[in-house]
Amino acid sequence: MQKTLTIRGADLYQGYLDPEAQQALVDALREIIRAAPFFRPETRWGKPMSVRMTAAGRYGWFSDRKGYRYEPRHPSGVVWPAIPAMVLDLWRDVTGLAREPDCCLINYYGADAKMGMHQDKDEADFSMPVVSISLGDDALFRLGNVARSGATESIWLTSGDVVVLGGDARLIHHGIDRVRPGSSQLLPKGGRINLTLRVVD
Ligand code: MD3
Ligand code: FE
């Protein structure tokens, strides 16, 4: 499909996944979460994050008092499950790249979860784009600048939306201010799942 909107260099594909595809993806994620359950990473200051995380692929993102990094195994010691084929198809479609992502980070936001403004800088090659897939409740997504300061713009992401962050947008500050509880019926217990696809090394 065609992109629907570009905001600060981030390309949005609103409604990329129809309701049937969203449900198929949730079903695939259920198996991943069974093998690699959600956990709450700690910030480097030892405070648990409000977002719960797990991952699929060669690497998962991990954080504790030692800092932010990619790890080849879930905290339980198991290797991360494979990235679902439909997610790899989506990545290929929106990026046009032959290179596959190394990490599909799976973020779960309950009613009170948020993610502060940050840059994604733990990867080796910033010429590789980041792709985000939203499922479940709506989320207020904030985009800033490559510099920490300056004006920001916000947009609601809804279930089935895909965002591609490439080029100059790859290093901009971004975050999730809040979710809108009850705005989607996709996830039986409510909340929002965001998949973030990244090339790591
Ligand atoms: C990269 N996740 O996990 S979507 C993250 O909805 C993260 O869970 C948010 O930021 C979420 O690191 C946002 C991914 C995203 C959005 C904007 C970006 C990645 C980006 C802008 C620049 C670079
Ligand atoms: Fe991020």
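Coordinates for the structure precede this section.
Residues numbered from 1 in each chain as written. Chains lettered and ligands numbered in written order. Predicted model: local features only at pLDDT ≥ 70, side-chain atom pairs only at ≥ 80, totals over all residues. Heavy atoms only, no water.

K.L.:
What's the story with the overall build of the protein in this structure? I'm lost.
P.N.:
Counting its regular elements, the protein contains 2 helices and 13 strands. For 201 residues, the compact-globule estimate of 2.2 N^0.38 gives 17 Å, and the C-alpha radius of gyration of the protein, at 16 Å, lies within 12% of that figure. Overall, the protein is about 40 × 40 × 35 Å in size when its C-alpha atoms are taken along their principal axes. Here the protein holds 201 residues, and 51% of them are scored as buried. Within the protein, counting contacts between residues at least 6 apart in sequence, those at least 24 apart form 71% of the total. (Helix = DSSP H or I, 4+ residues; strand = E, 2+ residues; numbered from the N terminus. Rg over C-alpha atoms; globule rule 2.2 N^0.38 Å. Buried < 20%, exposed > 50% of the residue type's maximum accessible area, 1.4 Å probe, protein only. Contact = heavy atoms within 4.5 Å.)

K.L.:
Teacher, can you tell me more about the site of ligand 1 here?
P.N.:
The full set close to ligand 1 counts 19 residues, and Y109, R170, H174, R192 and R198 are the nearest of them. Here an oxygen atom of ligand 1 and a side-chain polar atom of H118 are 3.1 Å apart. Calculation on ligand 1 without its partners gives an accessible area of 510 Å², and the protein chains cover 98% of this total. Here ligand 1 occupies the largest pocket. Only strand 6 (103-109), strand 7 (115-118), strand 8 (130-136), strand 12 (174-179) and strand 13 (192-198) provide two or more residues apiece to the shell around ligand 1. (Near = heavy atom within 4 Å. Polar contact = N/O pair within 3.5 Å; in protein donor to acceptor, adjacent residues only side chain to side chain. Areas by Shrake-Rupley, 256 points an atom, 1.4 Å probe, with all protein chains shown as cover. 1 Å grid on protein atoms, 1.4 Å probe; cavity = no way out; pocket = protein on both sides within 12 Å on 5 of 7 lines; lining within 4 Å. Sits in = over half its atoms within 2 Å of the grid points.)

K.L.:
Teacher, can you tell me more about the coordination of the iron ion (ligand 2) here?
P.N.:
By definition of the ideal shapes, a tetrahedral metal site with four donors has angles of 109.5 degrees and an octahedral site with six donors has angles of 90 or 180 degrees. The iron ion (ligand 2) binds to the protein through H118 (NE2), D120 (OD) and H174 (NE2), with metal-donor distances spanning 2.0 to 2.2 Å. Of note, the donors binding the iron ion (ligand 2) are all from one chain and are spaced H-x1-D-x53-H. Residue H118 is classed as partly exposed on the basis of its relative accessible area of 23%. Overall, D120 belongs to the buried group, its relative accessible area being 8%. (Donors = N, O, S within 2.8 Å, 3.2 Å for Na, K, Ca; no water.)

K.L.:
Looking at this structure, I do not really get the nonpolar core. What am I missing?
P.N.:
Buried together is how nonpolar side chains tend to be arranged in soluble globular proteins. Core analysis: the largest hydrophobic core is formed by 29 residues, its most contacted members being I133 and L195. Those elements that place two or more of their residues in this core are helix 1 (19-35), helix 2 (85-95), strand 6, strand 8, strand 11 (162-165) and strand 13. Leaving out residues up to four positions away in the same chain, I133 has contacts with L17, L25, V87, L90, D161, V162, I193, N194, L195 and L197. Among the nonpolar cores identified, the runner-up in size contains 27 residues, and M49, V130, L143 and L165 belong to it. (Core = buried A, V, L, I, M, F, W, Y, C linked by side-chain atoms within 4.5 Å.)

K.L.:
How do you make sense of helix 2 when you look at a structure like this?
P.N.:
In an α-helix, one full turn covers 3.6 residues, which means residues spaced three or four apart are oriented alike. The complete set of buried residues in helix 2 reads V87, L88, L90, W91, V94 and T95. One side of helix 2 carries all its buried residues, which in axial view fall inside an arc of 155 degrees. The inward-facing, buried residues of helix 2 abut strand 2 (10-13), helix 1, strand 6, strand 8, strand 11 and strand 13. Backbone geometry just downstream of helix 2 places G96 in the positive-phi region, at approximately 70 degrees. (Arc of directions from axis to C-beta.)

K.L.:
What is the right way to look at the sheet that holds strand 8 in this model?
P.N.:
Note on sheets: strands pair through backbone hydrogen bonds, and any given pair is parallel or antiparallel. Strand order across the open sheet formed by 7 strands is 1-2-11-8-13-6-3, with antiparallel pairing between neighbours. Each edge of the sheet is formed by a strand with only one pairing partner; in this case those strands are strand 1 (5-7) and strand 3 (52-57). Shown here is a sheet whose adjacent strand axes are inclined to one another by a mean of 20 degrees, direction ignored. Of the strand pairs in this sheet, strand 6 and strand 13 are connected by 7 bridges, and their pairing is antiparallel. (Pairing = 2+ DSSP bridges. Axes fitted to C-alpha atoms, helices over the stretch in contact; angles between N-to-C directions.)

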